[in-house]
Amino acid sequence: MSAAMDTESTYSGYSHYSGHSKKAHRQGRDRHKSPRSKDGSRSEKSVTIQTPPAEPLLGNDASRAEEGQDDNWGETTTAITGTSEHSISQEDIARISKDLEDSVGLDCKRYLGLTVAAVLGLLVFLTPIAFILLPQILWRDDLEPCGTVCEGLFISVAFKLLILLIGTWALFFRQPKADLPRVFVFRALLLVLIFLFVFSYWLFYGVRILDSKDTNYQGIVQYAVSLVDALLFIHYLAIVLLELRQLQPMFTVKVVRSTDGESRYYSLGHLSIQRAALVVLENYYRDFTVSNPALLTASKSRAAKHMAGLKVYNVDGNNASGQSRAMIAAAARRRDSSHNELYYEEADHERRVRKRRARLVVAVEEAFTHIKRLQAEEQQKAPGEMMDPREAAQAIFPSMARALQKYLRTTRQQQFHSMESILQHLSFCITNNMTPKAFLERYLNPGPTLQYDRDRWFSKQWTLVSEEAVTSGLQDGVVFVLKCLDFSLVVNVKKIPFIKLSEEFIDPKSHKFVLRLQSETSV
């Protein structure tokens with residue numbers, strides 16, 4: 001009997017549990033032995049799914065045959081996955097080599113920009129110090145004494161450079177979030193402005209001070225202080241252009257996913273098209289539900305099934321396009337009743353989802369009743385029966401695995417959840433004293449892409465398609481598309497309309513009322 005129970009709890013790649021797991025599972029089976037004895041054949045059947053490690057919890061093939069299966073199909077089905085051989089063509093090799101070249105080009109462009117910015121920043125911070133030290137090194141004996149005034153200017157330059165260093169680190173030294181196709185225009189303009197500004201200061205310093213060996217050291221120090229002040233103003237200009245300018249909402253963008261039509265609206269400020277695309281993608285991973293291609297297979301298979309029964313013949317080999325169109329129109333009229341089939345299919349699917357959802361909720365609530373958090377004094381009494389959250393999750397997981405497997409297959413979410421991710425989420429819920437409802441929230445309601453495995457569901461590369469230059473600003477009516485491997489995001493830009501408000505004053509003393517009494521009223 002124990003072998004049958006262990007066989008029934010076999011599930012998707014886990015073949016062994018700890019002693020605590022088997023003990024808890026056996027106790028749960030014994031507790032519910034009498035209700036399950038009503039169906040004698042059910043206790044003898046099992047599901048064996050062999051999948052490679054670190055693969056999804058359920059196979060994709062199960063979702064394709066879901067429509068033609070009854071509610072008890074999982075009790076008598078054995079699904080075995082095997083290995084497959086893949087071939088690669090010359091076109092694939094050329095495409096892969098092109099992708100590698102593009103990635104190398106993007107990395108070179110990114111590191112080149114960082115190198116130029118770092119060299120220019122180092123030149124900016126060393127220039128005021130060089131202005132002060134060069135006269136002391138070259139013609140120290142000829143300099144006029146400066147005294148207390150120069151010492152105060154030294155302190156001013158030191159603190160201003162410190163403030164400038166902190167502000168530059170906070171504004172520019174950030175980890176890049178994305179590789180944009182074009183250079184950021186405002187950032188490039190600021191770098192050019194800083195270079196011209198520092199170059200002009202060096203030119204004036206070389207002509208008026210180094211060549212003539214000016215002996216007025218106080219004037220030289222004040223010249224360095226003026227350079228630092230100007231750099232602080234340029235930093236303020238950078239904050240306005242890079243951060244503050246885009247904060248005020250000026251445009252509303254509608255983002256539509258091409259596969260299922262899910263849409264969201266966002267408000268953006270003055271941004272270029274490429275930076276607006278970056279903001280859209282950041283919000284997409286947070287707000288949109290994960291793209292599930294398996295949900296589209298049902299409609300495609302239904303359309304293919306209807307078109308499979310349509311046959312067009314060309315008897316004598318002549319051009320019979322008109323006759324073919326007439327036959328297609330007649331067949332379409334005969335198939336006008338297909339909406340009834342769609343209605344009953346959706347109703348049956350909703351009924352099956354509700355049924356398996358209820359089974360899953362009951363199974364999870366029952367499994368959570370076997371877990372009890374021990375207090376400090378209880379841990380000393382029974383040290384042999386204690387389990388950590390991982391062991392507790394492995395102990396109660398077999399009792400809910402069957403119901404969770406069926407529900408994920410019915411809702412076509414099996415490719416998003418591996419067994420390891422479910423165990424990690426279960427142990428996380430047990431650690432933080434979360435309820436069964438909190439554990440089920442991830443599986444009952446499809447979440448955004450951020451909720452799932454980052455390496456598998458995040459698109460590695462997006463392609464920005466736009467008729468306008470990607471460095472140009474947003475305008476009313478601009479449309480651009482963000483493409484990835486499986487779908488695309490269509491973004492439509494609309495300008496927020498100008499709103500004119502008028503004021504109307506109401507005198508508080510004008511709120512006077514009269515009670516009207518009629519003979520029919522009861523007042």
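Below: a short report on this structure. Owing to the predicted nature of the structure, the values given are computational and were not obtained by experimental measurement.

**What to know about a nonpolar patch on the surface**
Where nonpolar side chains cluster on the molecular surface, the patch consists of I155, F159, L162, L165, I166, W169 and F173 and spans about 800 Å² of accessible area. Inspection of the secondary structure assignment puts L162 in helix α6 (residues 148-172).

**Some remarks on unusual backbone geometry**
The backbone of K213 shows a phi angle near 50°, a positive value even though the residue is not glycine. Relative to the assigned elements, K213 resides in the loop between α7 (185-210) and α8 (217-244). One non-glycine residue, R412, lies in positive phi territory at about 60°. Positionally, R412 belongs in the loop between α14 (389-410) and α15 (419-431).

**Focus: the nonpolar core**
In this structure, F131, F197 and Y217 are the most contacted members of the largest nonpolar core, which totals 30 residues. Secondary structure elements with two or more residues in this core: α5 (90-138), α6, α7 and α8. The element best represented in this core is α8, accounting for eleven residues.

**Topic: the state of the cysteines**
Counted according to the given criterion, the structure contains one disulfide. C146 shares a disulfide with C150; S-S distance 1.3 Å. Torsion about the S-S bond of the C146 and C150 cystine: about 90°, corresponding to right-handed handedness. Per residue, the accessibility class of C146 equals that of C150, and both read buried.

**Brief notes about the pattern of salt bridges**
One pass over the full model with this rule turns up ten salt bridges. Notably, a salt bridge pairs E262 with R264, separated by 3.0 Å at the nearest N-O pair. Among the residues examined, E262 registers a relative accessible area of 15% and is labelled buried. On the accessibility criterion, R264 (27% relative accessible area) is partly exposed. Its salt-bridge partner being R352, residue D348 comes within 2.7 Å of it at the nearest N-O pair. Of this pair, D348 and R352 both sit in helix α12 (residues 338-368), four residues apart, roughly one helical turn. Taken together, the salt bridges that share partners define one network made up of R257, D260, E262 and R264.

**Describing the packing of α14 against α15**
Following both chains from N to C, one finds α14 and α15 inclined at 125°, their axes separated by 9 Å at the closest point. In terms of their interaxial angle, α14 and α15 are classed as oblique. Helix-helix and strand crossings are classified by hand; for α14 and α15 the assignment is right-handed. Contacts between α14 and α15 involve P389, R390, A392, A393, Q394, I396, F397, M400, L404 and L408 from the first element and M419, E420, I422, L423, Q424, L426, S427, I430 and T431 from the second. Along the lines of polarity and charge, the residues of the contact of α14 with α15 split into 13 nonpolar, four polar and two charged.

**Quick look at the pairing of strand β7 (residues 488-495)**
Two elements, strand β3 (residues 251-257) and β7, share seven bridges in a ladder whose sense is antiparallel. Paired with V253 across the bridge in β7 is V493. Here strand β6 (residues 479-483) pairs with β7 via five bridges, running antiparallel. Across the sheet, the residue bridging to L482 is L489, located in β7. Counted between consecutive antiparallel strands, the loop separating β6 from β7 contains four residues.

**Focus on the sheet that holds β3**
Pairing is antiparallel across the open sheet formed by five strands, whose spatial order is β4-β3-β7-β6-β5. In this open sheet, the two edge strands, each paired with only one partner strand, are β4 (263-268) and β5 (463-466). Strand-to-strand, the axes of this sheet are offset by a mean angle of 25°, without reference to chain direction.

Calculation notes
- Residues numbered from 1 in each chain as written.
- Predicted model: local features only at pLDDT ≥ 70, side-chain atom pairs only at ≥ 80, totals over all residues.
- Heavy atoms only, no water.
- Patch = residues over 30% accessible without salt bridge, like charges linked within 9 Å, V, L, I, M, F, W, Y side chains within 5 Å.
- Areas by Shrake-Rupley, 256 points an atom, 1.4 Å probe, with all protein chains shown as cover.
- Salt bridge = Lys/Arg side-chain N within 4 Å of Asp/Glu carboxyl O.
- Helix = DSSP H or I, 4+ residues; strand = E, 2+ residues; numbered from the N terminus.
- Core = buried A, V, L, I, M, F, W, Y, C linked by side-chain atoms within 4.5 Å.
- Buried < 20%, exposed > 50% of the residue type's maximum accessible area, 1.4 Å probe, protein only.
- Disulfide = S-S within 2.5 Å.
- Axes fitted to C-alpha atoms, helices over the stretch in contact; angles between N-to-C directions.
- Parallel < 35°, antiparallel > 145°, perpendicular 65-115°, else oblique.
- Left-handed = near helix turned anticlockwise from the far one by under 90°.
- Contact = heavy atoms within 4.5 Å.
- Nonpolar A, V, L, I, M, F, W, Y, C, P; charged D, E, K, R; others polar.
- Pairing = 2+ DSSP bridges.

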